[in-house]
Amino acid sequence: MGPFLLVTLLAHATLDAQGTRAIDQRLSDFVWAAFDTARGGFVSRAGVPEESAVELAIERGDGPWMSRATTTLDWTHGLMDTLIGGFYTNRSTRHEDEDVLLKRTDVNARRLENLTDAWQLTHDERFHQDAARVVDFMERVLMDGRGGFVVAQVGDRDLEPRSNGLAIHAWLVWAATTWSTSRRDFALRSLDRVWENCWTPPLGLVRKDDFGDLSLEPQLVDQVEMGRAYVLAARLCGRPEDRARAVAIGQLITTASRSTTADSARNRCRRRTARSRRRPSRRSRTPAPPVSWPSSPRSLRMRA
């Protein structure tokens, strides 16, 4: 999920209707102003299309927004490998052999979903054909037959919750659009495998290496993207286990957010107390005694 959409969801959850419309309009104006025809549309200076902006423009659905979305998608078509398939992340100036490193699962998944949505709204066969090419590339190169997707065309073959959440979400959208039961079944099998391999209470979804050890601390983006995939699967397929898993991830994020807020408040109180102890008294010129720190530093707690 892009930063804009995440902020919008938080706004809808915490503000009233009037406040939600105000912040939604303000952020929409910001995205609208970021459109640059010289770069190809919603494209960054590094030559990377902003999929979140395209997604927002497609969701708006009206003429001006849809025109900007399709313009960016047309420019993005130039990043497709017409020989092997799949999208490059950007127009790289590296050696040709290094370009395969830029064919990532998360990039292709997000562009697949945008192409599918654009095809549904505009009925333009160009978007349908590009989306079908991405699906073919992902099935041949990025798909793991046991369930799930690898991170990129080359590199490690470990399950990464973030890239799998994006890929499974896009896979479910494509399966629902094309009425493909086989791809729907693979998406559900992937959801089961990611949960069995990556869900580690009370940490949540984590990234593990070939030996089953944690390779990185729990990431919020892993919980968010897989949570979105479980929510969509529960809505489209009606499996109770997908709904239960989405609820478990939501409760984990809510609990972690509350704990982080409480810890931040306690830390601010401690810093104010420490500053007040070090501050010299206004009535006396005598400096305050130095603070005696403990001999051993406090241990840091890692939170998801």
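The structure under discussion appears in the preceding block.
Keep in mind it's a predicted model, so treat the numbers as computed, not measured. (Residues numbered from 1 in each chain as written. Predicted model: local features only at pLDDT ≥ 70, side-chain atom pairs only at ≥ 80, totals over all residues. Heavy atoms only, no water.)

To continue, consider the pattern of salt bridges. Enumeration over the complete set of coordinates arrives at 23 salt bridges. Asp136 is the partner of Arg140 in a salt bridge, and the nearest nitrogen-oxygen pair spans 2.8 Å. Taken together, the positions of Arg140 and Asp136, both in helix 6 (residues 125–142) and four residues apart, correspond to about one turn of that helix. As a salt-bridge pair, Asp144 and Arg193 come within 3.5 Å of each other at their nearest N and O atoms. Here Asp144, found in the loop between helix 6 and helix 7 (161–178), pairs with Arg193, found in helix 8 (residues 181–198); they are 49 residues apart in sequence, far enough to count as distant. Grouping residues by exposure puts Asp144 and Arg193 together as buried. (Salt bridge = Lys/Arg side-chain N within 4 Å of Asp/Glu carboxyl O. Helix = DSSP H or I, 4+ residues; strand = E, 2+ residues; numbered from the N terminus. Buried < 20%, exposed > 50% of the residue type's maximum accessible area, 1.4 Å probe, protein only.)

Looking now at empty space enclosed by the protein. In the structure shown here, the tally under the stated rule is one cavity of 30 Å³ or more. The calculated volume of the largest cavity comes to roughly 60 Å³. If you trace the largest cavity, you find it lined by Pro49, Glu51, Val54, Thr72, Leu73, Thr76, Phe87, Arg111, Asn114 and Leu115. Listed by contribution, the elements that provide at least two residues to the lining of the largest cavity are helix 3 (51–60), helix 4 (63–76) and helix 5 (105–122). (1 Å grid on protein atoms, 1.4 Å probe; cavity = no way out; pocket = protein on both sides within 12 Å on 5 of 7 lines; lining within 4 Å. Points joined across faces, edges and corners; volume = space filled by probe spheres on them.)

Below, the discussion takes up the packing of aromatic side chains. Under the definition given, this model contains seven aromatic pairs. Seen in terms of ring centroids, Trp32 and Trp65 are 5.1 Å apart; in terms of plane orientation they differ by 70 degrees. Their pairing is edge-to-face. Placement of the pair is Trp32 in helix 2 (residues 17–33) and Trp65 in helix 4, with a sequence separation of 33 residues. Residue classification places Trp32 among the partly exposed positions, given a relative accessible area of 30%. Between Trp195 and Tyr230, the ring centres sit 5.7 Å apart and the planes meet at 90 degrees, which makes this aromatic pair edge-to-face. Of this pair, Trp195 sits in helix 8 while Tyr230 sits in helix 9 (residues 220–237), placing them 35 residues apart in sequence. A relative accessible area of 15% places Trp195 in the buried class. (Phe/Tyr/Trp six-rings, centres within 6.5 Å; stacked < 30°, edge-to-face > 60°.)

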